[in-house]
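Below are the chains, spelled out letter by letter.
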Amino acid sequence: RLRDTPEDICFEATANAIALHPARPLLAAGDVDGDVYLYSYSCTQGENRQLWSSGHHLKSCRDVAFSQDGQKLLTVSKDKSIHVLTVEEGRLETRFPKAHGSALNCVLPIDTHLFATGDDDGGLKVWDLRKGDVVLEARQQEEYISAMAVDGNGKILLTASGDGTLGVFNVKRQRFDLLSEPQNGDLTSVVLLKRGKKVVCGSSEGTIYLFNWAGFGAASDRFALRAESIDCMVPITDSIVCVGSLDGVIRAVNVLPNRVLGCVGQHLGEPIEQLAVAPGGQLLASCAHDQKVKFWDISALGGLVVDDYRKKKKKGVPLRALSSKAVGSGDDFFADLRDEAELEAAAGSDSEDSD
């Protein structure tokens, strides 16, 4: 039987990190016990399959990422190690046991050979797999590196930190460029939008900060979601991001004009750890403290048109459901989410009401 989305994938421990393969229907996940799994997923009922698992990490696996060619899986752990696994068999190909002086928190492939890692003490390293060594090392931020992003040329690397700053590094010249002024709360996520002209950061206080490319010193704009927090963020289109929060809700947000479009899905009352988008942009995967990976149909988001006109705000109206699995307006779960800041619906779009 065909479904709109693949079935949930359940784990024995909480999955901290997920990644979707750039070309194939494969999902990688790392859990709090240090185990790494590879699954194939399918919209056909009963067709999700575990392909392999790896238990090489001694402590929690904090992040996973596929290499750009899709042949390797990079994993980082609280045990300070980096593992490079083959996607086909899950064979441990390369291991950096004491990669950083403190627990690792995130990993980002930059190109076929280069990848970056960030740790709990604000340390950043860029590695070259051909040399098997570090080509750039810096500690410019005072708190954990929460997320990283790189421009399309693989030249400028951006790091979001728990100290509220955005770090800018030149990978090509192997140097630190600058830090932004600190924002309120931890910066938890960073993505590029508007054809690389805007940098968007999420914060632990539920505020989105916007930076102009090459204007990293100070935020150019900000707006509050009235969510408890923004814990993770992924770009869906050139203007729309999905954000996961402590309240378990996945919101779709349009940037410039700034609007909360509605709810894509939810892990009821469970903090969301990470989001990932499938190739083609039709499916979103999420993991949370309920030990599940869930899939959401986000095909409607690409057709939303958002103009500058703001509808008059109404009180007491729930978030618009943007997918068939998003909790509907009749559910009490949304009672606490009814905030006028989230009611600035996308005007002039018929596709919003298709569900």
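Note: the structure precedes this text.
The structure reproduced in this document is the subject of the present report. The shown structure was predicted, so the numbers you read here are calculated from the model rather than taken from an experiment. Position numbers for residues start from 1 in each chain and track the written sequence from start to end. Predicted model: local features are reported for residues with pLDDT of at least 70 only, side-chain atom pairs are reported and counted for 80 or more only, and whole-chain, interface and lining totals are derived from all residues. With hydrogens and water excluded, all non-hydrogen atoms of the structure serve as input to the side-chain values.

1. A closer look at the environment of I208
Next, step 1: Strands are runs of DSSP state E lasting at least two residues, helices are runs of H or I lasting at least four, and both sets are numbered from the N terminus onward. Within the element layout of this structure, I208 appears in strand β20 (residues 207–212).
Next, step 2: Note on classification: 1.4 Å probe, protein chains only; a residue is buried when its accessible area is under 20% of the maximum for its type, exposed when over 50%, partly exposed between these limits. Exposure remark for I208: the relative accessible area of 0% places this residue in the buried category.
Next, step 3: Should any heavy atoms of two residues lie within 4.5 Å, those residues are considered in contact. Ignoring any residue separated from it by four or fewer positions in sequence, one finds I208 in contact with V200, C201, D221, R222, F223, L225, I230, M233 and V253.

2. Observations concerning unusual backbone geometry
Next, step 1: The step from L256 to P257 runs through a cis peptide bond, and the omega angle for that step is 0 degrees.
Next, step 2: Mapped onto the elements of the fold, P257 is located in the loop between β24 (249–254) and β25 (259–266).
Next, step 3: Of note, the phi angle at K80 is positive, near 75 degrees, even though the residue is not glycine.
Next, step 4: With respect to the secondary-structure elements, K80 resides in the loop between β7 (72–77) and β8 (82–86).
Next, step 5: The exposure class of K80 is partly exposed, given its relative accessible area of 28%.
Next, step 6: Of note, the phi angle at K194 is positive, near 50 degrees, even though the residue is not glycine.
Next, step 7: Here K194 falls in the buried class, since its relative accessible area comes to 18%.

By themselves, these figures tell us nothing about what the structure is for.
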